[in-house]
Amino acid sequence: MKSTKIYIAGHCGMAGRAIARSLEQAGYHNVIGKTSKELDLRNQKEVQDFFEAEKPEVVIDAAAKVGGILANKNFPYQFLMENLQIQNNLIDGAHQHHVKKFIFLGSSCIYPKQALQPLKEECLLTDVLEPTNEAYAIAKIAGVKACATIRRQFGKDFFSLMPTNLYGPFDNFDLETSHVIPAMIRKFENAKNNGNLAVTLWGSGTPYREFLYVEDLAEAVKFALENKMEEELYNVGTGIDLPVKKLAEIIQKTVGHTGEIIWDDSKPDGTPRKWMDVSKLKNKGWSYSVALEEGIRRTYEWYINNKKEY
Ligand SMILES: NC(=O)c1ccc[n+]([C@@H]2O[C@H](COP(=O)([O-])OP(=O)(O)OC[C@H]3O[C@@H](n4cnc5c(N)ncnc54)[C@H](OP(=O)(O)O)[C@@H]3O)[C@@H](O)[C@H]2O)c1
């Protein structure tokens, strides 16, 4: 029902904003959100009081401490503990306050480093994780299992969506903490504006990665909201990956940079491949619609119009 009270945790983040926009466009008119200043999700008492006061019927958990390889490497404790606190408070608060549907957003890094590709949902916990983001992945796995146990033990509609790497408007373009696409857009744009200087990119460029435009993720969340989801866990992606070198060429061309690209292989590559098997969600009737080149074009345009903020 379009009047269902839906709480989007993290509604000001990249994913949360896209989800809020998509629901609003579809006519949902009782969607609520709180910034981290208004409600610190790490604080259990504050979260319990929020559920008591607001009584949402659906919770979409898009709140998390998120970052790239460097941030994950330097602050593993915060990535583990803050994410556990945020999701535990939300999941248990929702459980205790009779929330009907809970959608937990995880990440494809929950899957083992050497798992068979493409990554099926069933390969969860079958081998060791990629060390560079192990702390974050362990928190996310705990979230998946918290929702799964509530689902099994209490028969509640709590489940998880595992998006691949996301990108799009409102991404984080801070070079210290950003993911690969915004980092490359910013580096190529800066270099172009300084006479097409050479651009140094991290790693060898050989790992393969998959990317999903954030508005497609929002559509997947809406689909999951409106349909009966029988499983505990669904991958969300395009099912198409590419080498990071190829990604760099697409971004370089989009930005219009004509200088040299230097690969700094003293920086970590992360996991060699993270290609998702998206057949489970596809068989239910959802698949992506924005191709990578088009998504990068839209993201670059957004960056150019908003870069004064960075
Ligand atoms: N970005 C990706 O490539 C990617 C890929 C796969 C999965 N995901 C998952 O998708 C979800 C959203 O990611 P995103 O990229 O949209 O992240 P984001 O842009 O960094 O947004 C994170 C949101 O979480 C909120 N938040 C963080 N700590 C909080 C706290 N202590 N209390 C209250 N709110 C807090 C932030 O609120 P404020 O803005 O108010 O501080 C922000 O709105 C996360 O679960 C992430 O793991 C992301």
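Heads up: these notes are all about the structure in this document.

On to the pattern of salt bridges, then. Considering all chains together, one arrives at 24 salt bridges under this definition. Asp277 is paired through a salt bridge with Lys120; the nearest N and O atoms lie 2.8 Å apart. Here Asp277 is found in the loop between β11 (261-264) and α9 (279-284), whereas its partner Lys120 is found in the loop between β4 (101-105) and α5 (134-154), with 157 residues between them in sequence. Across the salt bridge formed by Arg297 and Glu301, the nearest N and O atoms sit 3.1 Å from each other. Here Arg297 pairs with Glu301, and both are found in helix α10 (residues 292-306), just four residues apart, close to one helical turn. Given a relative accessible area of 39%, Arg297 falls into the partly exposed group. Given a relative accessible area of 43%, Glu301 falls into the partly exposed group. One salt-bridge network, in which partners are shared between bridges, spans Arg21, Glu215, Glu294, Arg297, Arg298 and Glu301.

Turning our attention to the sheet that holds β4. Spatially, the six strands line up as an open sheet ordered β2-β1-β3-β4-β5-β9, and their pairing is parallel. Each end of this open sheet is capped by a strand with a single partner; those strands are β2 (31-32) and β9 (233-236). Strands in contact with helix α4 (residues 76-96) are β1 (6-9), β3 (58-61), β4 and β5 (157-163); relative to β4, the strand with the most contacts, it is inclined by about 170°. Across the sheet, helix α7 (residues 214-226) touches β1, β3, β4, β5 and β9, and the angle it forms with β4 is around 155°.

Estimates place the volume of the second largest pocket at around 180 Å³. Considering the residues around the second largest pocket, the lining is formed by 14 residues, among which Thr238, Ile240, Ala291, Leu292 and Glu293 are closest to the centre. When contributions to the lining of the second largest pocket are tallied by element, the ones reaching two or more residues are β8 (208-213), β10 (241-243) and α10. The greatest single-element share of the lining of the second largest pocket, amounting to three residues, is contributed by β8. Each residue belonging to the lining of the second largest pocket can be placed in one class, and the counts come to eleven nonpolar, one polar and two charged.

The mixed open sheet is built from three strands, whose spatial order is β6-β8-β10. Where the open sheet ends on each side, the last strands, each with one partner, are β6 (165-167) and β10. Each strand axis lies, on average, 50° off the axis of its neighbour in the sheet, ignoring direction. When β8 meets β10, the two strands line up antiparallel, connected through three bridges. Paired with Tyr208 across the strands is Pro243, a residue of β10.

This structure, assessed with the given rule, holds one cavity of 30 Å³ or more. One number sums up the size of the largest cavity: a volume of about 50 Å³. Together, Ser108, Cys109, Tyr111, Pro112, Lys113, Leu119, Glu130, Asn133, Thr271, Arg273 and Lys274 line the largest cavity. Among the residues making up the lining of the largest cavity, the classes are represented as four nonpolar, three polar and four charged.

Cut-offs and rules
Residues numbered from 1 in each chain as written. Predicted model: local features only at pLDDT ≥ 70, side-chain atom pairs only at ≥ 80, totals over all residues. Heavy atoms only, no water. Salt bridge = Lys/Arg side-chain N within 4 Å of Asp/Glu carboxyl O. Helix = DSSP H or I, 4+ residues; strand = E, 2+ residues; numbered from the N terminus. Buried < 20%, exposed > 50% of the residue type's maximum accessible area, 1.4 Å probe, protein only. Pairing = 2+ DSSP bridges. Contact = heavy atoms within 4.5 Å. Axes fitted to C-alpha atoms, helices over the stretch in contact; angles between N-to-C directions. 1 Å grid on protein atoms, 1.4 Å probe; cavity = no way out; pocket = protein on both sides within 12 Å on 5 of 7 lines; lining within 4 Å. Points joined across faces, edges and corners; volume = space filled by probe spheres on them. Nonpolar A, V, L, I, M, F, W, Y, C, P; charged D, E, K, R; others polar.

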